[in-house]
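Structural overview
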Amino acid sequence: MKQIIIIGAGASGLAAATRLIQNGLSATSITVLEAQNRIGGRVHTITNEGNPLEIGAQWVHGQQGNVVFEMAESACELNTDIQTLESSGFAENVVFGFEDYKLNKEQIHQLMQMIHALEEVSKNEMSGWNKSLGEYFEEKFKELILRKDSFSEFDRSTALAFLDWYHIMENVIDGSDNWKETCGSGHLHYKECLGDPLVTWKRGYSSLFKILMKSQDDDKQLPLSDRIFLNKAVKRIDWDNEAKSDKRIQVTCEDGSIYLAEFVLVTSSLGFLKSNMHSLFIPSLPPYKKRAIQGLGFGTVDKIFLKFEKPWWTPDWGGISFLRRRSKDTDTHWSHHLLGFYTVRLHPNILIAWITGKAAREVESLPENEILKVCSDILRKYIGADFPFTEPVGLILSRWHSNPFTLGSYSYRSMESKEMNVWATDLAQPVYDSGGFPRLFFAGEATHDYFYSTVHGAVETGWREADRIAKYCIGFRNANL
Ligand SMILES: Cc1cc2nc3c(=O)[nH]c(=O)nc-3n(C[C@H](O)[C@H](O)[C@H](O)COP(=O)(O)OP(=O)(O)OC[C@H]3O[C@@H](n4cnc5c(N)ncnc54)[C@H](O)[C@@H]3O)c2cc1C
């Protein structure tokens, strides 16, 4: 029986494991090695005061053509009946403002319309755009502002402040540190699924794994639980043993344990591969694969949850998006990169802020009391006399960059990807040993051509590679692998 090792028990790894069983392989031929003490990877639901809180993935993005939506919907695990636009800067009940001036509804509406119109036009225009996403929006938005005869100088500087807010929002969506690093035409590779882009789970995103690991025939859990090994950080994969008598791949973990297999499926994040590819793969990966790992983009997006004794805001308030006047020192401190603070569904005492890029990495390195104080100070200034603000009493920070098995948040198409002409397909290609047999397989969100950076993308890549491996297992059943 051919042995398959799956590295990583995130969405893609677990999707692959279950699909292999559905493809007729025995569970005993599958070993899932997970470095952390939990399954889920970048899907990480914790419980706060009895309710699920998402440290990583939060929304099911779209309803049509989304495999996660399909599975979760039929398992009745989604909140599809209520409007779930919480925690989103685009929600209607969110205030936009400077410390000393709040925009009225009409101003917000006008700016939103301008940006949405530009988003629509960009879908056609950017395919022929050789520069970055940021350069596109900066140039086109400024043209739009100049053309608005009714705009005063004050309106123009407000519009630029709104553009800067939209820039951070775009980094949150995109996963890039700065939109000048995002490739304009590459950005169009991403495909949206139609329907509500912000569907939430009733009991948290981690419910996905129970659904994934259920048998389609009898609704029982697949016999995988004793095939998933936690706290098994893989440090080395000796994958080309064609010249040796035992041709199997040798996988060595940090704790010294060794596992042998004919095939290995790697689902580690692109961030992990960027930092570890040289020590992880023996021999080295082929040049095209190393170039893909180097050239595809992988940034940092973090969540900062502030906990309060009790809410000082009213139930109809959705949060505040921070606007800042452009000045020389605008971007010196990490707090200038906070998107804003927004309410969180099911958590009446919590507000969430998003932060990206270098600022997010800096926050991850700071003591919690310092982050809490800075967030509290800035929020108090923006709230002003609008509400009777009280100090936060606690903080939860996601720390996706410091996690040694993620080293960032999600992948994007960078200017470097374009210059090097490397794309998800290059990362997804299996690697063949010197005998011509495919040995290493790659899944994970970054290997998806158009659903990268999402959970549904990750699941599809797990299924894709499971089908590919199953084909080889059957096709090469008699080969001397
Ligand atoms: C803050 C944040 C918000 C997000 N929001 C959304 C959202 O709303 N909707 C959405 O669809 N997507 C969202 N995403 C993206 C989504 O979470 C990911 O695309 C998806 O979960 C990735 O799954 P994966 O299997 O590719 O990788 P991972 O989930 O990273 O799984 C890889 C697994 O491999 C393990 N591993 C790595 N290296 C080793 C090793 N050497 N040895 C053993 N194990 C190893 C890791 O510990 C991990 O468990 C978000 C992500 C973040 C960080």
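Residues numbered from 1 in each chain as written. Predicted model: local features only at pLDDT ≥ 70, side-chain atom pairs only at ≥ 80, totals over all residues. Heavy atoms only, no water.

**Describing the environment of Glu92**
By the element assignment, Glu92 lies in the loop between β5 (78-79) and β6 (94-97). Separated by 226 residues in the primary sequence, Glu92 and Gly318 place their C-alpha atoms 7.8 Å from one another. (Helix = DSSP H or I, 4+ residues; strand = E, 2+ residues; numbered from the N terminus.)

**Concerning the packing of aromatic side chains**
Scanning the model with the defined rule gives 30 aromatic pairs in all. On the basis of an interplanar angle of 80° and a centroid distance of 5.6 Å, the ring pair of Phe308 and Trp313 is categorised as edge-to-face. Trp313 shares its class with Phe308; the two are buried. One residue, Arg413, lies across the ring of Tyr452, its end atom 3.6 Å from the ring centre. (Phe/Tyr/Trp six-rings, centres within 6.5 Å; stacked < 30°, edge-to-face > 60°. Buried < 20%, exposed > 50% of the residue type's maximum accessible area, 1.4 Å probe, protein only. Lys NZ or Arg CZ within 6 Å of the ring centre and 35° of its normal.)

**Points about the site of the ligand**
As a matter of local geometry, the ligand sits amid 38 residues, with Ser12, Glu34, Gln36, Arg42 and Trp59 nearest to it. In this structure, Ala11 approaches the ligand through a main-chain N or O atom, which is 3.3 Å from an oxygen atom. With respect to the ligand, the backbone of Ala35 contributes an N or O atom lying 3.0 Å from a nitrogen atom. Considered on its own, the ligand offers 1,000 Å² of accessible surface; in the complex 99% of this is hidden by protein. Among the elements of the structure, α1 (11-22) and α14 (455-475) are those that each provide at least two residues to the shell around the ligand. (Near = heavy atom within 4 Å. Polar contact = N/O pair within 3.5 Å; in protein donor to acceptor, adjacent residues only side chain to side chain. Areas by Shrake-Rupley, 256 points an atom, 1.4 Å probe, with all protein chains shown as cover.)

**Quick word on the packing of helix α3 (residues 105-125) against helix α5 (residues 153-174)**
At a minimum axis separation of 11 Å, α3 and α5 run at an interaxial angle of 55°. What the angle tells us is that α3 and α5 run oblique. As α3 runs across α5, the sense of the crossing is right-handed. Only Ala159, Phe162, Leu163 and Tyr166 of α5 make contact with α3, whose side of the interface consists of Leu111, Met112, Ile115 and Glu119. Its residues assigned to classes, the contact of α3 with α5 comprises 7 nonpolar, no polar and 1 charged. (Axes fitted to C-alpha atoms, helices over the stretch in contact; angles between N-to-C directions. Parallel < 35°, antiparallel > 145°, perpendicular 65-115°, else oblique. Left-handed = near helix turned anticlockwise from the far one by under 90°. Contact = heavy atoms within 4.5 Å. Nonpolar A, V, L, I, M, F, W, Y, C, P; charged D, E, K, R; others polar.)

**Concerning the packing of helix α4 (residues 133-147) against α5**
One way to put it is that α4 packs onto α5 with a least axis distance of 11 Å and a crossing angle of 155°. What the angle tells us is that α4 and α5 run roughly antiparallel. Relative to α5, α4 is oriented so that their crossing is right-handed. Here α4 contributes Leu133, Phe137, Glu138, Phe141, Lys142, Ile145 and Leu146 to the contact with α5, which in turn contributes Arg156, Ala159, Leu160, Phe162, Leu163, Asp164, Tyr166 and Glu170. Class assignment for the residues of the contact of α4 with α5 results in 10 nonpolar, no polar and 5 charged.

**Topic: the domain arrangement of the protein**
As assigned here, the protein comprises domain 1 (4-41 + 201-296 + 416-475) and domain 2 (85-195 + 301-399). A C-alpha centroid distance of 35 Å is found between domain 1 and domain 2. Each side of the interface is counted separately: domain 1 has 10 residues, and domain 2 has 10 residues. Between domain 1 and domain 2, the buried area comes to about 890 Å², and carbon and sulfur atoms account for 57% of it. On the domain 1 side of the interface with domain 2, the three residues burying the most area are Lys418, Tyr450 and Tyr452, jointly 52% of the side's total. Seen at the junction of domain 1 and domain 2, the total is 0 salt bridges. Inspection of the domain 1/domain 2 interface yields 3 residue pairs in polar contact (both at pLDDT 80 or more). Residues that form the side of domain 1 that touches domain 2 fall into these classes: 5 nonpolar, 3 polar and 2 charged. (Domains from an automatic or database assignment. Buried area = accessible area lost by both parts, 1.4 Å probe. Salt bridge = Lys/Arg side-chain N within 4 Å of Asp/Glu carboxyl O.)

**Focus on α5**
With 22 residues, α5 extends 31 Å between its outermost C-alpha atoms, agreeing within 8% with the 32 Å of an ideal straight helix rising 1.5 Å per residue. The positive-phi residue at the C-terminal boundary of α5 is Gly175, with phi of around 90°. (Expected span 1.5 Å × (residues − 1).)

**Let's talk about the pairing of strand β18 (residues 347-356)**
The side chains of a regular strand alternate, first on one face of the sheet and then on the other. For β18, the buried fraction is high: 9 of the 10 residues fall into the buried class. The pairing of strand β15 (residues 301-307) with β18 spans 7 bridges and is antiparallel. Following the sheet pairing, Lys303 is matched in β18 by Trp354. The pairing of strand β17 (residues 340-344) with β18 spans 4 bridges and is antiparallel. Counterpart to Val344 in the pairing with β18 is His347. Adjacent in sequence and paired antiparallel, β17 and β18 are bridged by 2 residues, among which Leu346 carries a positive phi angle near 75°. (Pairing = 2+ DSSP bridges.)

**A word on unusual backbone geometry**
At the junction of Ile282 and Pro283, the peptide bond is cis and its omega measures out at -5° in the coordinates. Assignment of secondary structure puts Pro283 in the loop between β13 (281-282) and α9 (287-295). Residue Asn231 is not a glycine yet carries a positive backbone phi of 55°. In this fold, Asn231 is placed in the loop between β8 (228-229) and β9 (234-238). Judged by its relative accessible area of 48%, Asn231 is partly exposed. For Leu407, which is not a glycine, the phi torsion comes out positive at approximately 55°. Using a relative accessible area of 22% as the deciding quantity, one classes Leu407 as partly exposed.

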